[in-house]
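Tertiary structure, described
This is what each chain is made of:
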Amino acid sequence: MEETISQRLDLTAFSEKMQEVRRQVATVVAGQDEAVTLLLTAIIADGHVLLEGVPGVAKTLLARMMAKLIDARFSRLQFTPDLMPSDVLGTSVFNMKEAEFEFHKGPVFADLVLVDEINRAPAKTQAALFEVMEERQATVDGTTYSLGKLFNVFATQNPVEQEGTYKLPEAQLDRFMMKVVMGYPSEEEEMLILKRHHENTRLVKLEELKPVVNLDELLLYRSLLGKMVVEESLMQYMVQVVRLTRNTKAVYLGASPRAAVALLNASKAHALLEGRDFVTPEDIKRVAPAVLRHRLILSAEAEMEGYSAPRIVETLIDQVEVPK
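To keep things clear, this report deals only with the structure shown in the data block.

Conventions used here
Residues numbered from 1 in each chain as written. Predicted model: local features only at pLDDT ≥ 70, side-chain atom pairs only at ≥ 80, totals over all residues. Heavy atoms only, no water. Helix = DSSP H or I, 4+ residues; strand = E, 2+ residues; numbered from the N terminus. Rg over C-alpha atoms; globule rule 2.2 N^0.38 Å. Buried < 20%, exposed > 50% of the residue type's maximum accessible area, 1.4 Å probe, protein only. Contact = heavy atoms within 4.5 Å. Areas by Shrake-Rupley, 256 points an atom, 1.4 Å probe, with all protein chains shown as cover. Pairing = 2+ DSSP bridges. Axes fitted to C-alpha atoms, helices over the stretch in contact; angles between N-to-C directions. Parallel < 35°, antiparallel > 145°, perpendicular 65-115°, else oblique. Nonpolar A, V, L, I, M, F, W, Y, C, P; charged D, E, K, R; others polar. Core = buried A, V, L, I, M, F, W, Y, C linked by side-chain atoms within 4.5 Å.

Right, let's talk about the overall build of the protein chain for a bit. A count of helical and extended segments in the protein chain gives 13 helices and eleven strands. For the protein chain, the C-alpha radius of gyration of 21 Å lies close to 20 Å, the compact-globule estimate for 324 residues. With the principal axes as the frame, the protein chain shows a C-alpha extent of 70 × 50 × 50 Å. Buried residues in the protein chain amount to 48% of all 324 residues. Excluding contacts between residues fewer than 6 apart, the proportion of contacts in the protein chain whose partners are at least 24 apart in sequence is 79%. When the accessible surface of the protein chain is totalled, it reaches about 16600 Å², and 51% of it is carbon and sulfur.

Listed below in structure tokens is the structure:
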């Protein structure tokens, strides 16, 4: 009993640090509290995130701030139609002095990698990135290079402008734990943005930000995910939600077993973020839309009737009885 109480106190301390991360982000990025919470959940759960939003909603700024506040090495990749796999992974360069090839690591060798407009690069370059995301290692010229213990990819895509883009196949979309949609701020939040700009207090210089939590702490708490308490009834609840996506006429292709695992891990990470060592139905409901929305292919009839994947996910969740 004493050990459990001690662990919960530790989780509370961690939760307070995560709350401080959210507070500091909110002083610069207005109106994206839900996105910040889901991004932190994905980092704790060791999952990658697909960030969707129109230009100008602070996707890049949010990722840079997040990396700074968790003391993570940050790199940014701008995907373009002429980008090659070597531009992502790195390349071997001949060293004249040593008379041998040296591998120069590419930008993917970082703790938090922001990939801007992932759907603008050709399939070969996308495949190189997805291999690294899945295997957490890169093989170049027959040599395998491991990535760091903390490796998360935030990939952005513009939901409106599709000219010159390459649609991500479903198998690659499934590699992302979550799809987080960053919408427009409310009228009050947009007024706050203008006031900050006008008063010249809009941004804290990123180089002046101090980490709130370091990598060792983050990895320590990530290791506690395996010790989280998840009642069997809650696991059954997750299974029913995922299986329901495969048995509804509105969905042509439902969520995979990988989605169920992602839902479990994300729920545990969200509970940890809130300072608890046990999962509740609220944790599952909070993360389920982000975990499932990009994994569903709607039927032609559903699309014609104006349904969307997020709406269907929310409807399906409401159909499953919540465990007592």
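With parallel pairing, the five strands of this open sheet are ordered in space as β2-β5-β8-β1-β9. If you trace the sheet from one side to the other, it starts and ends with β2 (74–78) and β9 (178–181), each paired once. Neighbour-to-neighbour, the strand axes of the sheet open up by a mean angle of 20°, direction not taken into account. Sheet analysis places strand β5 (residues 112–116) next to strand β8 (residues 152–157), joined by four bridges and oriented parallel. Across the sheet, Leu 112 pairs through a bridge with Asn 152, a residue of β8.

As a further point, take the pairing of β5. With five of five residues buried, β5 lies mostly within the body of the structure. Of the two faces of β5, the one carrying Leu 112, Leu 114 and Asp 116 and the one carrying Val 113 and Val 115 are both buried. For β2 and β5, the ladder comprises five bridges, and the chain directions are parallel. The residue bridging Phe 74 from the neighbouring strand is Leu 112, located in β5.

Let's shift gears to the pairing of strand β7 (residues 143–146). As paired strands, strand β6 (residues 137–140) and β7 are joined by four bridges and run antiparallel to one another. Bridging across to β7, Gln 137 finds its partner in Ser 146.

Next up on the list: the packing of helix α2 (residues 33–44) against helix α11 (residues 281–292). Relative to each other, α2 and α11 sit at 85°, their axes nearing to 11 Å. When the axes of α2 and α11 are compared, the pair comes out roughly perpendicular. Contact residues: Glu 34, Thr 37, Leu 38 and Thr 41 in α2; Arg 286, Val 287 and Ala 290 in α11. Across the contact of α2 with α11, the residue classes break down as three nonpolar, two polar and two charged.

This part covers the nonpolar core. Formed by 77 residues in total, the largest nonpolar core has its most connected members in Ile 44, Phe 154 and Met 178. If we ignore the near neighbours within four places in the chain, the residues touching Ile 44 are Phe 14, Met 18, Leu 218, Arg 222, Leu 225, Ala 269, Leu 272 and Leu 273. Counting 28 residues, the second largest nonpolar core, distinct from the first, contains Leu 83, Ala 110, Met 133 and Phe 176.

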